Each structure stands twice: as structure tokens, then as C-alpha cells.
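# Examining the three-dimensional arrangement
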Amino acid sequence: PDAIPTDQPARNTALGLPDAWRSSLLRHGSPGRIDTIEKTVVIHEVLSHTDADTDWLELHNRGTTSADLSGLYLSDNPSLPLRFQIPNGTLLPAGGYLSFSAAQLGFGFSELGSDILLLEASGTNVVRYLDTVDIPEMAREETAGLHLRTDGVTDFTELLYPTRDADNAPPRIGPLVLSEIHYKPVSGAVEFVEITNITPDPVPLFDPAVPANTWKLSGAIDYSFPGGVSLAAGATLVVCAGDPVAFRTAAGIPPQVPVFGPWIGNLNNAGESLRLRRPGDPEPGGFVPYYRVDHVTYEPVAPWPVPPATGGVSIVRFPVQAYGNDPGHWQLSGPGGTPGVPAVNRPPVVNVNGRTTVPAGLPMTLNFFAADPDAPWQQTSLHMTSPPSGATFLATTGDFAWTPPEGTWPTQVNLQVIATDTGIPPLSVTNAVTVTITEPFRLRSEAASGGFLAPVIPGQYYQIEWTGSLTPTFWQLLETVEAPPSGPLYINDPSGESEDLRYYRILWLPGPPD
């Protein structure tokens, strides 16, 4: 096991967690001694299903020093561990990536799942397994790789897009997900699983080219969906362990929510794995490959949400677009669970940075940005309604730029920016910002006192400078001041009365002078 707590109750709990254990790096284990070698070089990403035999695998050095890979071996078969030897002189820098193609390795990988081994050998004897991964069944051109969960555990799972020789993309989620698991019902009640379509389009639970090939639930339970079933955008369906008609009535599930069952098997209260799989293209001999759409291996102990000993509550995915095989993305339901009830989408929030009181004639900028409590599993887009004439708004960055015309003061301009998320259903919020246009920033003489007035922003700091000639220019400090709470800034220069001509300029300071 990994690090074990010294407190006995905590130790017992930790030793009971599957994720607290890892395979020994030494072949045949290390009985009676501790293997102190840390796993720093890992199998990071794999492309295992290509039409042109362009499979590849990627290694990553997670350590802080360079790793010498000279003479190590890579294989896809534990019975043939020495299939490819990494050339001498191969160094992998700290944080670096190194990939090998199928042409270099001399072998490719199976789309139906495969082992990959990185190992050290002495002659023909395996000494140490430096890393091993079990690749799931993979759809064409889809990669699998390491993903760090919220509890610090790494999963080897399907990725959103390939990133050869770079950091991994986020996990691929959907189009359908396991959204609720009721594995510990009260006595006499029925287990069930809920599935949600997180896309804006209907999803057929069959191969449109071969409708007889339908989606399946596998792992702890086995269930094949009937033909002709499609799940509407944002909709849910329920699969139960018993009679679907009786379960619909007992659970009060509305008629628009499909309910299926019964399945073969049961959801183990001690933890179990579930997989939602879809059919691929049939092979020439008629064999039909199946690929994972979603997968969850739940546990009845923290950090997974723990149902009460009496049972009767579900674990519910939240947010529903999040990576499912992660305890940080599940929570407990209320009594009886919520079969067929769509997950709640939380709205985004729009914030703005920048000054909203500006003098006419001076360029202004604002930055609008959206924060979504369901990020990063949802994205948000920004849109400004009816920007003022001459203004620009860049939706990708939220940057607004405008120079208010000098003839528009004093006035107020209302800006409205709408943020919309990608939840099901999508939610939008509007932030209305009022921009106050003040007097243009120009100096006005005050004949009565011999000074002059300057429009300024209350509370800001300014540096007033003067020069007797613009050719050459040598600006001298007159004073540094804080603008008054209201009205223009009065500037008086008694020394200027003794000269025929003086020029002045006012610098807007970013903060109080040192």
C-alpha cells in the first residue's frame, strides 16, 4: 500500500480502500522488505485503434530529475515482456514526454483492450515493472491516458482529444453518462441506475447502420437495451433490477421517462464497477466490438459519499457533465433517490473589471468574464446586446473597448452582457453595467484666480508637470495631488505668472505616490 496512517482506526480504513494499494514494482513482490523505488516515468497516453496502423504510446517523466531509459523494455504482452528495448542513451528530461510509434515498437495495440508494460530486465529475466496500464476498448482515433482525480488518484481513461508529446486533454465525457446509482436500497426496494443525455441532440442507443446492435450496461450488471430506443437531449432514462412497470409505479416516475429492466446481476454494497458501452462497426467475421461510453467504480467509503447503514439513498453525479469515476463528483440524494429527475444546472455569473466613470473623448476598456460553478465541465459564452456606436466587444475574451464622443457628456450608457452555459438545459444570466460619461479631460483657465481647472476622477492621484518650451521638452514637477470627492481639480501655479508662457500636463497615476 501507499502511505498508511499511524492511527489504528484510520489505518484499518485505509487498508480497506482499493485505491490505497498499487501493484508492486518488483516481479514476485517484495516479501519481508520495502521496495523504495518510486515510479516517476509513467505510461501517459496511448492511441490504440487506427486504420493505418499508426498506433503510438507516450511516456512522461513526472520526476524532478532526468530519467535514463536506456535498455528498458516496452511490451503489450506479459508473456512476451521483451518485445521492444529502448535504445541506449535515451534520456527523458524532468517533466518531459517521449512517444514511440507502432513502426518503432514493432507491434501495435488491440482496439478491444490491451496491456502495456514498461519494465526493467536482466538478461531474459524481468526484474521490475516500472509501470503497467490496462487500456480499455477504444473507438477509432480515440486516445486513453492518465487523468488526475480530485482525490489524488490517477485513472487511465478515454480523453477528449489526442495530445501526443504534451500534457493530456481532459477526459471525454458522454454523450450519455451514468448520473445516479441506487446500490443500497432499503429492504424490499429495488436497485436502479439512471442515465442522462448531456448533449443538445438525441442519442440513439443502437447502431443506426445495424439497429440490432444496441447499447449495453456491463460490469456489476448485464443489460442490453431493446432496439429503437433514443434518448432526447437533456433527458434521462432508468434501468432497474426488477419489473420496470412496477418500479415506475412505486417510484412515481412520470410517463415521459423511459424505464427498462430487469438486469442480470446486482450492485454490490461493498463497491462495484459499472460500464455503459456502445457497439462499434461489425468486423468482417461478424464480431461486434463494444466501446466504453462511461464508467464508474464506486466505493461505500470516503471520499465517496457514504449512504446510511439503513440504505435508501442514491449517489448522484454532480455536476452531471463531470468526470464520473471520481468521488468528488458524486453526492447523496434524498430518501428513495431521484430516478428520472434531471440534474440541476447551476447558472453562471458575469463579472466586470474596469472603470465605469470616464471622461468623454478618452478611450475606455472593460473586461467581462463569466464564472460557472459547474466549470470546467461546462463552458460559457458571452454576448453583448446593442453595444454603443463605435464600440467593440470580443466575445472570446470579454474585452469591451470604446471612446465616448466628446459631445455625449454628461450622460449614462447602459451595457448588457449575457453569459450562457452549456448545461442541459443551458442557462443564461445578464449583467447590466452603467457607464457614466463625464466632462472631457481638458484644462480650463480660471481667470479670477489665475489658476486652471482639470476634470479628474474622484479619489485618483495625479501628477501636474510644467515646461516653458516644447522644443526641447523638459517637464518639471509642480505637485502631486489626490482628486477631490467631486468637481474638477483646481491647480494654481503662482510661479507661472512671472513667465510669458508655460505649458502644463497632467499624468494619471496608478496609485498613491511613494
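The structure under discussion appears in the preceding block.
Residues numbered from 1 in each chain as written. Predicted model: local features only at pLDDT ≥ 70, side-chain atom pairs only at ≥ 80, totals over all residues. Heavy atoms only, no water.

### Focus: the overall build of the protein chain
Each helix and strand counted, the protein chain has three helices and 40 strands in total. Since a compact globule built from 514 residues should have a radius of gyration of about 24 Å, the 33 Å found for the protein chain marks it as more spread out than a globular shape. If you line up the protein chain on its principal axes, its C-alpha atoms span 100 × 65 × 55 Å. Taken over 514 residues, the protein chain has a buried fraction of 44%. (Helix = DSSP H or I, 4+ residues; strand = E, 2+ residues; numbered from the N terminus. Rg over C-alpha atoms; globule rule 2.2 N^0.38 Å. Buried < 20%, exposed > 50% of the residue type's maximum accessible area, 1.4 Å probe, protein only.)

### A word on the layout of surface pockets
Counted as a void, the second largest pocket has a volume near 310 Å³. If you trace the second largest pocket, you find 13 residues lining it, with Ile173, Gln321, Pro376, Trp377 and Gln379 closest to the centre. When the residues that make up the lining of the second largest pocket are grouped by side-chain class, the tally is seven nonpolar, five polar and one charged. (1 Å grid on protein atoms, 1.4 Å probe; cavity = no way out; pocket = protein on both sides within 12 Å on 5 of 7 lines; lining within 4 Å. Points joined across faces, edges and corners; volume = space filled by probe spheres on them. Nonpolar A, V, L, I, M, F, W, Y, C, P; charged D, E, K, R; others polar.)

### Some points on the pairing of strand 1 (residues 41-47)
For strand 1, the buried fraction is high: seven of the seven residues fall into the buried class. Sheet topology note: the strand 1/strand 2 (residues 56-61) ladder contains six bridges and is antiparallel. Directly across from Leu47, in strand 2, lies its bridge partner Trp56. (Pairing = 2+ DSSP bridges.)

### A closer look at the environment of Ile437
Within the fold, Ile437 resides in strand 34 (residues 428-438). Sequence separation of Ile437 and Pro405 is 32 residues, and the distance between their C-alpha atoms is 9.3 Å. With near-sequence residues (within four places) excluded, Ile437 lies in contact with Val358, Ala360, Trp402, Pro404, Thr408, Trp409, Pro410, Thr411 and Val413. (Contact = heavy atoms within 4.5 Å.)

### Details of the sheet that holds strand 11 (residues 154-158)
Read from one edge to the other, the open sheet built from five strands follows the order 7-2-1-10-11, with strand pairing classed as antiparallel. Each edge of the open sheet is held by one strand with a lone partner, namely strand 7 (97-101) and strand 11. Mean inter-strand twist for the sheet, computed between neighbouring axes without regard to direction, equals 30 degrees. (Axes fitted to C-alpha atoms, helices over the stretch in contact; angles between N-to-C directions.)

### Some details on the nonpolar core
If you look at soluble globular proteins, the nonpolar side chains tend to sit buried side by side. Counting 29 residues, the largest nonpolar core has Ile181, Ile195, Leu217, Phe225 and Leu267 as its most contacted members. Counting residues per element, the ones that place at least two in this core are strand 12 (176-182), strand 13 (192-197), strand 18 (221-224), strand 20 (236-240), strand 23 (272-279) and strand 24 (290-298). With residues near it in sequence (within four places) discarded, Phe225 still touches Ile195, Leu205, Thr214, Trp215, Lys216, Leu217, Leu237, Val239, Phe260 and Leu276. Counting 26 residues, the second largest nonpolar core, distinct from the first, contains Phe100, Phe107, Ile116 and Leu146. (Core = buried A, V, L, I, M, F, W, Y, C linked by side-chain atoms within 4.5 Å.)

### As for the packing of aromatic side chains
Across all of its chains, the model carries ten aromatic pairs by this definition. A ring pair is formed by Tyr223 and Phe225, whose centres lie 5.3 Å apart and whose planes are at 85 degrees; its orientation type is edge-to-face. For the residue pair Tyr223 and Phe225, the accessibility class agrees, reading buried in each case. In textbook terms, an aromatic cluster arises when at least three aromatic residues are bridged by ring pairs, as seen for Tyr223, Phe225 and Phe260. Across the ring face of Tyr290, the terminal group of Lys216 is positioned such that the distance to the ring centre comes to 4.5 Å. (Phe/Tyr/Trp six-rings, centres within 6.5 Å; stacked < 30°, edge-to-face > 60°. Lys NZ or Arg CZ within 6 Å of the ring centre and 35° of its normal.)

### Let's talk about the sheet that holds strand 38 (residues 476-482)
Strand pairing within a sheet occurs via backbone hydrogen bonds; the two strands may be parallel or antiparallel. One open sheet holds the three strands; their spatial order is 38-37-40, and the pairing between them is antiparallel. A strand with exactly one partner marks an edge of an open sheet, and here the two such strands are strand 38 and strand 40 (503-509). When the angles between neighbouring strand axes are averaged without regard to direction, this sheet yields 20 degrees.

### Topic: empty space enclosed by the protein
With the rule as written, the count across this model stands at three cavities of 30 Å³ or more. Of the voids in this model, the largest cavity is the one considered here, and its volume is about 60 Å³. Lining the largest cavity, in full, are Thr157, Glu158, Arg172, Ile173, Arg292, Val293, Asp294, His295, Arg317 and Tyr323. With four residues, strand 24 is the largest single contributor of residues to the lining of the largest cavity. Per-class residue counts for the lining of the largest cavity are three nonpolar, two polar and five charged. The volume enclosed by the second largest cavity comes to roughly 50 Å³. Every residue along the wall of the second largest cavity is listed here: Pro319, Val320, Gln321, Ala343, Val344, Asn345, Asp374, Gln378 and Ile424.

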